[in-house]
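Descriptive structure summary
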Amino acid sequence: MSTTDLKDKLKGIYVLAITPMTDTLAFDPAALRRNIDHYITSGAHGVVVGGTYAEYPSLTIDERKQLFTSAADAVAGRVPLLCCTAASGTDEASELAHAAKLAGADGVMVTPPYVSEVRPQDILYHFQLLNEAAELPIFIYNSASIGVHLSPEEIAELAKLDNVAGVKQGATDLHALVRTVAYAGKDISVMCGSDGLILGGLASGLPGCTSTNANFMTSEFVALYNEFQQGENARAIERYYRWQPIRDLARKYGQPAMVKAALDIIGLPSGPVRAPFRTLGEEARADIARTLQQTGIIA
């Protein structure tokens, strides 16, 4: 898929797939395939694997490569597949990008390097090197949680690189999303990276959203997106605010532990989380189950 083709397809709901584990904390490719089938049959427009809440910092390079291959086999070309190849070292990010290409991914999602005292010119150099070596289109991951966050102006500079197709703008400030579209929206697709801003992002002209909560409520996200596209704004607003207790759960229990517990509750068991995360106990799971019932996610 060309950079232009991916840019055009970076819209709608992209599920930030968690990484299923067995009880022994090994990667579970069978569960990943089942989950991906669920996302796609529920209407997801794309799938991203290996991101922050997919626990990539606790995966070995070989496990990340296995994840890419398993995901590509499961997606089988039905929707775009992006593989997170983030690494603080440029060579490692390039190695993972090559593995994603061999696996059959459509693009790579990459964070800025997050070494101590990384400077703006270092970040630009990192992406320039990845752009020169690119075998797949690049989707910039502007994470709010790794300690290095790109400004809208810095994203606009990176958007000039030939192989950059889009950005997951993880800012939790709607104004930052708006400024990113204003500065870079003609060059790349700017996707909302925060569940809490999805409706404001869509109303501000962003083409879609990436979501971790969409793992266990894919059809809800797709319904909200479709309602907005069809001008059913009152229904979209009602749905968006009905989700607030779920967004509160994510802050209360943390991701990905909360998401894996929710997947288990809806019938897609995806195993425990690896350290430093901790798998939730029965009290927390009961709280999550009650919230999913109260918000209409499960009966």
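Before reading further, recall that the structure is shown in the block above.
Overview of the structure. Keep in mind that what you see is a predicted model, and the values were worked out from it rather than measured. (Residues numbered from 1 in each chain as written. Predicted model: local features only at pLDDT ≥ 70, side-chain atom pairs only at ≥ 80, totals over all residues. Heavy atoms only, no water.)

**Points about the packing of helix 3 (residues 61-75) against helix 4 (residues 90-103)**
Which entries qualify depends on this criterion: Under this scheme, a helix contributes an axis fitted over its contacting stretch, all axes are lines through C-alpha atoms, and angles between N-to-C directions fall in the 0 to 180 degree range. Strands here mean DSSP runs of E at least two residues long; helices mean DSSP runs of H or I at least four residues long; both are numbered from the N terminus. Note on terminology: angles under 35 degrees are roughly parallel, angles over 145 are roughly antiparallel, angles of 65 to 115 are roughly perpendicular, and the others are oblique. Here a crossing is called left-handed whenever its near helix is offset anticlockwise from the far helix by less than a right angle, and right-handed whenever the offset is clockwise. In this analysis, two residues are considered to be in contact whenever any of their non-hydrogen atoms come within 4.5 Å of each other. For this classification, the nonpolar set comprises Ala, Val, Leu, Ile, Met, Phe, Trp, Tyr, Cys and Pro, the charged set comprises Asp, Glu, Lys and Arg, and every other residue, Gly included, is treated as polar.
Where helix 3 meets helix 4, the closest approach of the two axes is 9 Å, and the angle between their N-to-C directions is 30°. Our classification of the angle between helix 3 and helix 4 gives roughly parallel. Note on packing geometry: the crossing formed by helix 3 with helix 4 is right-handed. Listed contacts from helix 4 to Ile61, Arg64, Lys65, Phe68, Thr69 and Ala72 of helix 3 are Glu92, Glu95, Leu96, Ala99, Ala100 and Ala103. A breakdown of the residues in the contact of helix 3 with helix 4 according to their chemical character gives seven nonpolar, one polar and four charged.

**A word on helix 11 (residues 244-253)**
Our working definition: Exposure categories follow from relative accessible area, calculated using a 1.4 Å probe and restricted to protein chains: below 20% of the type maximum is buried, above 50% is exposed, and the middle band is partly exposed. Our arc is simply the arc of the directions from the helix axis toward the C-beta atoms.
Residues Ile246, Arg247, Leu249 and Ala250 constitute the buried set of helix 11. The buried side chains of helix 11 occupy one side of the element, clustering within an arc of 150° when seen end-on. Exposed positions of helix 11 whose direction lies more than 90 degrees from the buried face are Arg251 and Lys252. If you follow the buried residues of helix 11, they end up packed against helix 10 (233-242), helix 12 (257-265) and helix 13 (282-294). The first or second residue beyond helix 11 is Gly254, which carries a positive phi of 80°.

**Focus on the nonpolar core**
Applicable threshold: Throughout this description, the term nonpolar core refers to a set of buried Ala, Val, Leu, Ile, Met, Phe, Trp, Tyr and Cys residues connected via side-chain atoms within 4.5 Å.
Among the nonpolar cores identified, the biggest contains 89 residues, and Ile36, Val49, Leu81, Ile198 and Phe216 are the most heavily contacted of them. Sequence-distant contacts of Ile198, defined by excluding residues within four places in its chain, comprise Ile13, Cys192, Cys209, Phe221, Leu224, Tyr240 and Trp243. Listed in part, the 14 residues of the second largest apolar core include Leu10, Tyr56, Ala86 and Met191.

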